[in-house]
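Coordinate inspection notes
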Amino acid sequence: MNLIDSNSVDFYPKIIKDYLSGELKSKNIIDWEYSQEQLASKKGKRYSSKNRSYVHKALLDQYASFDLTEKESLHIKLFSKESTYTITTGHQLMLLGGPMFFYTKIMDVIKLAKQTSTSENPVLPIFWMASEDHDYKEISTINLFGKKITCSGDNKGPVGRIPKEYFEDFLEEINQVLGEGDEFSRIKKIINKAFDSGKKLSQITRVFVRELFKEDGLLILDADSPDLKTLFSEVAQKELFEEVTYKSSEKHLRRLKLEYKLQVNPREINLFYIENGVRKRFIKTEKGFSTSDHSIFWTTSEMKELVADSPEKISPNVLLRAVYQEILLPNIAYVGGAGEIAYWLEMKPVFDAFQIDFPVPLVRNSYFVVSKKNKDWLDGYNIPLNTLFNDVDLQINELTKGLSFNLLSFDEEFKVLKDFFSSLKLKGEKINPQLEKVVSGEEKRACSALKNVEKRFLNAEKKKHEEEIFKLKKIVAKLFPEGKPMERVDSFIPFLVKDVVGFKKQIESAPSLFDKKIGFIVLSNI
């Protein structure tokens, strides 16, 4: 794997750059360090024995139908111990995992848990299934071997509850794309096993993800559970009647907005009502509460009764989902992408208001995959990896200049021109100070004309190197399809199929999240 410093390229939004650099801490916007020491200090955090018992039982129930691996059995057993902690990542139930970062951030969590674990304080890797999310459009497409495959539909309720029959045509198309070759047999077996054995999308996702990571002991938790929701009911009650999230975060968000763009703006109530295939926001009314479309109404007493008797009908939004996670899990860290961590950085005052310990939010590693052939080509033309993040036209210009035997830079000519007009200005000042404006105007026109000549020289030279320019553009398009990092677009499945050992091993050997690197995975078989 080849590495570059994340701060050497324009990759993260400003708030994440300042978080990683320590700037947020130095400005007193946050009160914790982005460090291994801060992570270690979280061992010893408060965590309810009752909550641990409930979640342990839920894990036993959710894994009851599986023939567990040795590590899965050990980790489920260890979870029941008071001295055990967790590191978590989560995601929407993207069909077949969706883009590459789905796979790599789980690997980051597995690796970090292993690095942080001790015999006195085991640390377990957790994958949280965001099974209550209802944005079906976001999860319904996978980009596989350059082909977009979409499962059309218009689901309105929690995606984890969508029945398997919904995906029959999608599965058929996936099997057609993968074909009958031997190299695809393993991944096809995993995919078809998931869709055959799961009755709904949350179960399908669990089987699929488990097959990829069961030997690593990853524990997968589905919190869309009546029993687990009882542990959330106190927070839900306060949120509904005291607007805790909105009020407690107001001052902190005002401070953030002075310098940064907010990832998520809290609402007065950050909860949804879920039932019968729908998920609708709660809002306050003059007489109590209603859904955002005013289709269902509750008086104050009816709402208290709903929370107490049917907590499974209360669903946290993206902000309170973070709180729900920390109620259920003894997390010392949450690992996520830049967008996820940006909203975690909004949440510390909310955790304080609910008196819940706050984990260390960690930015996952970012990875690109490049073929050995393309990497050798880049090396042969002395193209550094960090320049691939620049505007493609700038890259082409630099490549052309590097290839040319002619001097394409007009720096010397511009210097001569500047000196010439400086001399004219001095002469003009002696005659009439107003002549300086005249000379400056002529200088501007002359510089513009010279720039145009320089551009024509460069364009003429580019025609001599069309093959190399085409190759560079093709590599950049592969790394940044549709102008986005490939890890956010392309599926990880082709890399598992082509070189499962090389792909996984290189991620396992990648630096710590605290090293703040961007990795380029080099594979021979793609």
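Provided above is the structure to which this section pertains.
Keep in mind that what you see is a predicted model, and the values were worked out from it rather than measured. (Residues numbered from 1 in each chain as written. Predicted model: local features only at pLDDT ≥ 70, side-chain atom pairs only at ≥ 80, totals over all residues. Heavy atoms only, no water.)

**Some remarks on the pattern of salt bridges**
Under the criterion given, the structure shown has 36 salt bridges. When the shortest N-O distance is used, the salt bridge between lysine 188 and glutamate 180 registers 3.7 Å. For lysine 188, a relative accessible area of 13% gives the class buried. A salt bridge links lysine 425 to glutamate 443, with the nearest nitrogen and oxygen atoms 3.0 Å apart. Of this pair, lysine 425 sits in helix H20 (residues 411–431) while glutamate 443 is found in helix H21 (residues 435–462), placing the two residues 18 residues apart along the sequence. Side by side, lysine 425 and glutamate 443 carry an identical accessibility label, which is buried. (Salt bridge = Lys/Arg side-chain N within 4 Å of Asp/Glu carboxyl O. Buried < 20%, exposed > 50% of the residue type's maximum accessible area, 1.4 Å probe, protein only. Helix = DSSP H or I, 4+ residues; strand = E, 2+ residues; numbered from the N terminus.)

**What about helix H5 (residues 70–79)?**
Those residues of H5 that sit buried are Glu72, His75, Ile76 and Phe79. One face of H5 carries all of its buried residues, which in axial projection span an arc of 100 degrees. Exposed and facing more than 90 degrees away from the buried side of H5 are Glu70 and Lys77. Packing partners of the buried residues in H5 comprise helix H4 (49–62), strand S2 (85–92), strand S3 (123–130), helix H10 (201–213), strand S6 (219–222) and helix H15 (318–328). (Arc of directions from axis to C-beta. Contact = heavy atoms within 4.5 Å.)

**Topic: the pairing of strand S4 (residues 141–144)**
Sheet topology note: the S4/strand S5 (residues 147–150) ladder contains four bridges and is antiparallel. Following the sheet pairing, leucine 144 is matched in S5 by lysine 147. Connecting the antiparallel pair S4 and S5 is a turn made up of two residues, with phenylalanine 145 showing a positive phi of about 55 degrees. (Pairing = 2+ DSSP bridges.)

**Examining the sheet that holds S2**
The strand order across the open sheet formed by five strands is S6-S3-S2-S12-S13, and the pairing between neighbours is parallel. Of all the strands in the sheet, the pair left with one neighbour each is S6 and strand S13 (360–363). Adjacent strand axes in the sheet meet at a mean angle of 30 degrees when their direction is disregarded. Pairing geometry for S2 and S3, over eight bridges, is parallel. Counterpart to threonine 89 in the pairing with S3 is phenylalanine 127. (Axes fitted to C-alpha atoms, helices over the stretch in contact; angles between N-to-C directions.)

**Some words on the packing of aromatic side chains**
The full count for this structure, using the stated rule, is 37 aromatic pairs. For the ring pair tryptophan 377 and tyrosine 381, a centre distance of 4.6 Å and an interplane angle of 45 degrees mean the geometry is tilted. For tryptophan 377, a relative accessible area of 15% translates into the label buried. Pairwise contacts between aromatic rings join Tyr19, Trp32, Tyr34, Tyr334, Trp344, Phe351, Phe358 and Phe514 into one cluster. Sitting above the plane of the tyrosine 63 ring, arginine 206 keeps its charged end 5.4 Å from the centroid. Between the NZ or CZ atom of arginine 279 and the centre of the ring of phenylalanine 272, over which it lies, the distance is 4.0 Å. (Phe/Tyr/Trp six-rings, centres within 6.5 Å; stacked < 30°, edge-to-face > 60°. Lys NZ or Arg CZ within 6 Å of the ring centre and 35° of its normal.)

**Looking at the packing of helix H6 (residues 100–116) against helix H23 (residues 493–508)**
Across the interface, H6 lies against H23 with an axial gap of 11 Å and an inter-helix angle of 35 degrees. Once H6 is placed against H23, the crossing between them reads as right-handed. Residue-level contacts link Met100, Tyr103, Thr104, Met107 and Lys111 of H6 to Phe495, Leu496, Phe503, Lys504, Ile507 and Glu508 of H23. Grouping the amino acids of the contact of H6 with H23 by side-chain chemistry returns seven nonpolar, one polar and three charged. (Left-handed = near helix turned anticlockwise from the far one by under 90°. Nonpolar A, V, L, I, M, F, W, Y, C, P; charged D, E, K, R; others polar.)

**What about the sheet that holds strand S8 (residues 278–285)?**
Reading across the sheet, the five strands line up as S10-S9-S8-S7-S11 and stay open at both edges, with antiparallel pairing between neighbours. Across the chains shown, the open sheet's two edge strands, defined by having one partner strand only, are strand S10 (297–299) and strand S11 (314–316). Ignoring strand direction, the axes of neighbouring strands in this sheet form an average angle of 35 degrees. Of the strand pairs in this sheet, strand S7 (residues 271–275) and S8 are connected by four bridges, and their pairing is antiparallel. Within S8, the residue paired with phenylalanine 272 across the bridge is arginine 281. The strands that helix H14 (residues 300–309) touches are S7, S8, strand S9 (288–291), S10 and S11; relative to S10, the one it contacts most, it runs at about 100 degrees.

**Digging into a negative patch on the surface**
Where like charges cluster on the molecular surface, the negative patch consists of Glu165, Glu168, Asp169 and Glu172. As for its placement among the helices and strands, glutamate 172 is situated in helix H8 (residues 168–178). (Patch = residues over 30% accessible without salt bridge, like charges linked within 9 Å, V, L, I, M, F, W, Y side chains within 5 Å. Areas by Shrake-Rupley, 256 points an atom, 1.4 Å probe, with all protein chains shown as cover. Lys, Arg positive; Asp, Glu negative; His and termini not counted. Charge placed at Lys NZ, Arg CZ, Asp CG, Glu CD.)

Honestly, it's all geometry; don't read function into it.
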